[in-house]
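Each chain, letter by letter, is given below.
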Amino acid sequence: MAKAGANAMWGGRFGRGPDAMMEAINASIGFDKRLARQDIAGSRAHAAMLAACAIITEDDARAIDAGLAQILSEIEAGGFAFSTALEDIHMNVESRLAEIIGPAAGRLHTARSRNDQVAVDFRLWVREQCDAAIDGITALMGAFVAQAEAGAEWVMPGFTHLQTAQPVTWGHHMLAYVEMLSRDRGRFRDARARMNECPLGAAALAGTSFPIDRAMTARALGFDRPTANSLDSVSDRDFALEYLAAASICALHLSRFAEELVIWSSAQFRFVRLSDGFSTGSSIMPQKRNPDAAELLRAKVGRILGANIALMTVMKGLALTYSKDMQEDKEQVFDAADTLNLSLEVMAAMVRDLRAAPAALETAAASGFSTATDLADWLVRELGLPFREAHHITGALVAEAEARGCDLPDLPLETMQAVRPGITAAVFDVLGVHNSVASRISTGGTAPDNVRAEAARWRAELG
């Protein structure tokens, strides 16, 4: 019998219980109770397998299953009393199971360890978060496609270095984010496929001498197969790191568009208007409309990337297999997943709610000599000039227009001919912003017909 005050899990080896400070630092129930549903699912699958392999009786398996179902109901109803003294979700569930069904509860832990138990719980949870991210990304992609469909012909400035570069279409700009998000979605799908192996049955680190059927528990929990190496099974957190890496890149993409919304909604741009639902005011300046939702989304990447770095730091120096350091693997992932799921939901709502200002977009697109490259291309096509010479001539014409305070389409033909004889009035056909975007028909280009075709393709894929 364990001595008074000894820990119920490992008290046979120790004469007294842990110091209060040790109990405080050691307990994880404050956060790993989020794994309750996964923990109970894993335990029910494990008990069924033990009975199928004649390791425990069918009666015990039925009692365990019924008890676990009752515990799940209690937790979901908010009536379960979690205990810090029991350290984690596994022991909280097992202790309550003993209260409900008696000594048979002790048979549940046959042929497993808390090491493989937490590994399967955490994998199940992260797998669900991959599914949630995929759903959230798909919804956001649909919102961007709708914007692209609406603005396939709206002309806006394309930027490099945040300077006007060449005209593009609003729809083309929106579809750029669809492409980014499609890669994000692919990363989560890839990560999910790689993590879909079941570590249950690896036990503490070396496997078990009991004749278990790991393939049975893997199937019951929706995994493709059991993990192949017991040491790797209990020490692997690659699946969580890969989730965080995918989440970090996705959050980075959200942050980039959030930054554009902050810029575009400013008085200096006025490209878009964010609704009252995603804007706030100032406590002192009554005229202000602050894009706070976009600013908050812009910042979320720091939180998610921080979680990624934190878990990498936890794992970087750990010898095989399990070390208590790995208890610090969950809180960062929990927070990152919550943050990403909320960010995707908010961004999708903002994009659906977004109202662009086509007139302001077109005015800006026509400024800053945005059709200079079209002029250089015309000189190459029509006059047969090497591009570098055409580039030089166009630069001289830009300088002339700048000196006159006008744009390229406003230069007199005679002025252009003074710089380069042979230029004809046909050059003006390529200098308008609508002509410019319409000419960009190469695969992946900004031409409105391209945009409509790509939007239709994505619409069909997204359903």
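Numbering of residues begins from 1 in every chain and follows the order in which that chain's sequence is written. Whole-chain, interface and lining totals are the exception, using all residues; otherwise, since this is a predicted model, local features are given only for residues with pLDDT of at least 70 and side-chain atom pairs are given and counted only at 80 or more. With hydrogens and water stripped out, all remaining heavy atoms of the structure feed into the side-chain values.

Section: the side chain of Asp-329
Move 1: Residue placement: Asp-329 occurs in the loop between α11 (292–315) and α12 (330–353).
Move 2: Among the residues examined, Asp-329 registers a relative accessible area of 0% and is labelled buried.
Move 3: Each polar contact in these results corresponds to two N or O atoms within 3.5 Å; when the atoms are within protein, one needs to be able to donate a hydrogen and the other to accept it, and residues that are neighboring in sequence are counted only if both atoms are side-chain atoms. A distance of 2.6 Å separates the side chain of Asp-329 from the side chain of Arg-237, its partner in a polar contact.
Move 4: Here Asp-329 is in contact with Phe-122, Arg-237 and Leu-311, once residues within four sequence places are set aside. Strands are runs of DSSP state E lasting at least 2 residues, helices are runs of H or I lasting at least 4, and numbering of each runs from the N terminus. With a 1.4 Å probe rolled over the protein chains alone, any residue whose accessible area is under 20% of its type maximum counts as buried; one over 50% counts as exposed, and the rest are partly exposed. Residue contacts are defined here by distance: any two heavy atoms, one from each residue, within 4.5 Å place the two residues in contact.

Description of the environment of Ala-455
Move 1: With respect to the helices and strands, Ala-455 occurs in helix α18 (residues 448–462).
Move 2: Along the backbone, Ala-455 and Ala-152 are 303 residues apart, and their C-alpha atoms lie at a distance of 8.7 Å.
Move 3: When neighbours within four sequence positions are excluded, Ala-455 is seen to be in contact with Val-145, Ala-148, Glu-149 and Leu-175.

A word on a nonpolar patch on the surface
Move 1: Here the term patch refers to residues with relative accessible area over 30% and no salt bridge, with like charges joined within 9 Å and nonpolar side chains (Val, Leu, Ile, Met, Phe, Trp, Tyr) within 5 Å. What sets the accessible areas is the Shrake-Rupley method with a 1.4 Å probe; for residues, cover comes only from the shown protein chains. We define a salt bridge as a side-chain nitrogen of Lys or Arg found within 4 Å of a carboxyl oxygen belonging to Asp or Glu. Side chains of Leu-205, Leu-231 and Leu-320 sit close together on the surface and give an oily, nonpolar patch of about 270 Å² of accessible area.
Move 2: When its relative accessible area of 33% is taken as the criterion, Leu-231 is described as partly exposed.

Focus on the packing of aromatic side chains
Move 1: Pairs were defined over the aromatic rings of Phe, Tyr and Trp, the Trp ring being its six-membered one, requiring ring centres within 6.5 Å. Orientation was assigned from the angle between planes: stacked under 30 degrees, edge-to-face over 60, tilted for the rest. Counted according to the given criterion, the structure contains 14 aromatic pairs.
Move 2: When the ring of Phe-80 is compared with that of Phe-82, the centres are 4.8 Å apart and the planes differ by 55°; the resulting orientation is tilted.
Move 3: Exposure remark for Phe-80: the relative accessible area of 10% places this residue in the buried category.
Move 4: Seen in terms of ring centroids, Phe-122 and Phe-334 are 6.4 Å apart; in terms of plane orientation they differ by 85°. Their pairing is edge-to-face.

A closer look at the packing of helix α7 (residues 170–195) against helix α10 (residues 238–264)
Move 1: Lines fitted to C-alpha atoms define the axes, with helix axes restricted to the stretch in contact, and inter-axis angles between N-to-C directions lie between 0 and 180 degrees. At a closest axis distance of 8 Å, the pairing of α7 and α10 adopts a crossing angle of 165°. Put simply, α7 runs roughly antiparallel to α10. By crossing handedness, the relation of α7 to α10 is classed as left-handed.
Move 2: Residue type decides the class: Asp, Glu, Lys and Arg count as charged, Ala, Val, Leu, Ile, Met, Phe, Trp, Tyr, Cys and Pro as nonpolar, and the leftover types, Gly among them, as polar. Class assignment for the residues of the contact of α7 with α10 results in 17 nonpolar, two polar and six charged. Should an angle lie under 35 degrees it is considered roughly parallel, over 145 roughly antiparallel, and from 65 to 115 roughly perpendicular; all remaining angles are considered oblique. The handedness criterion is simple: a crossing whose near helix is rotated anticlockwise from the far helix by less than a right angle is left-handed, and one whose near helix is rotated clockwise is right-handed.

Re the nonpolar core
Move 1: We define the nonpolar core as a collection of buried residues of types Ala, Val, Leu, Ile, Met, Phe, Trp, Tyr and Cys that are connected through side-chain atoms lying within 4.5 Å of one another. Phe-188, Tyr-243, Phe-257 and Trp-264 are the most contacted members of the largest nonpolar core, which totals 99 residues.
Move 2: It is α10 that contributes the most residues to this core, 16 residues altogether.
Move 3: Setting aside its immediate chain neighbours within four residues, Tyr-243 contacts Val-126, Gln-129, Cys-130, Phe-188, Val-333, Ala-337 and Leu-340.
Move 4: By size, the runner-up hydrophobic cluster in this structure holds 19 residues, among which are Trp-378, Ala-390, Leu-397 and Leu-408.

Points about the pairing of strand β2 (residues 163–169)
Move 1: Inspection of the sheet shows strand β1 (residues 155–160) paired to β2 by six bridges, in the antiparallel sense. When the bridges of β2 are listed, Thr-160 appears paired with Gln-163.
Move 2: Any two strands are treated as partners once DSSP identifies two or more bridges connecting them. Connecting β1 to the antiparallel partner β2 that follows it, the hairpin turn spans two residues, and His-161 within it adopts a positive phi of roughly 60°.

Comments concerning unusual backbone geometry
Excluding glycine, residues mostly carry a negative phi; peptide bonds, for their part, are mostly trans.
Move 1: Each neighbour pair has its own omega, and for Leu-320 with Thr-321 the value is 5°, a cis peptide bond.
Move 2: For Thr-321, the location among the structural elements is in the loop between α11 and α12.
Move 3: Positioned with a positive phi, Glu-87 is a non-glycine residue whose angle comes to about 70°.
Move 4: Mapping Glu-87 onto the fold places it in the loop between α4 (58–76) and α5 (89–101).
Move 5: Despite not being glycine, Arg-270 has its phi angle at roughly 55°, a positive value.
Move 6: With respect to the helices, strands and loops of the structure, Arg-270 is situated in the loop between α10 and β5 (272–273).
Move 7: On the basis of relative accessibility, which here comes to 55%, the residue Arg-270 falls in the exposed class.

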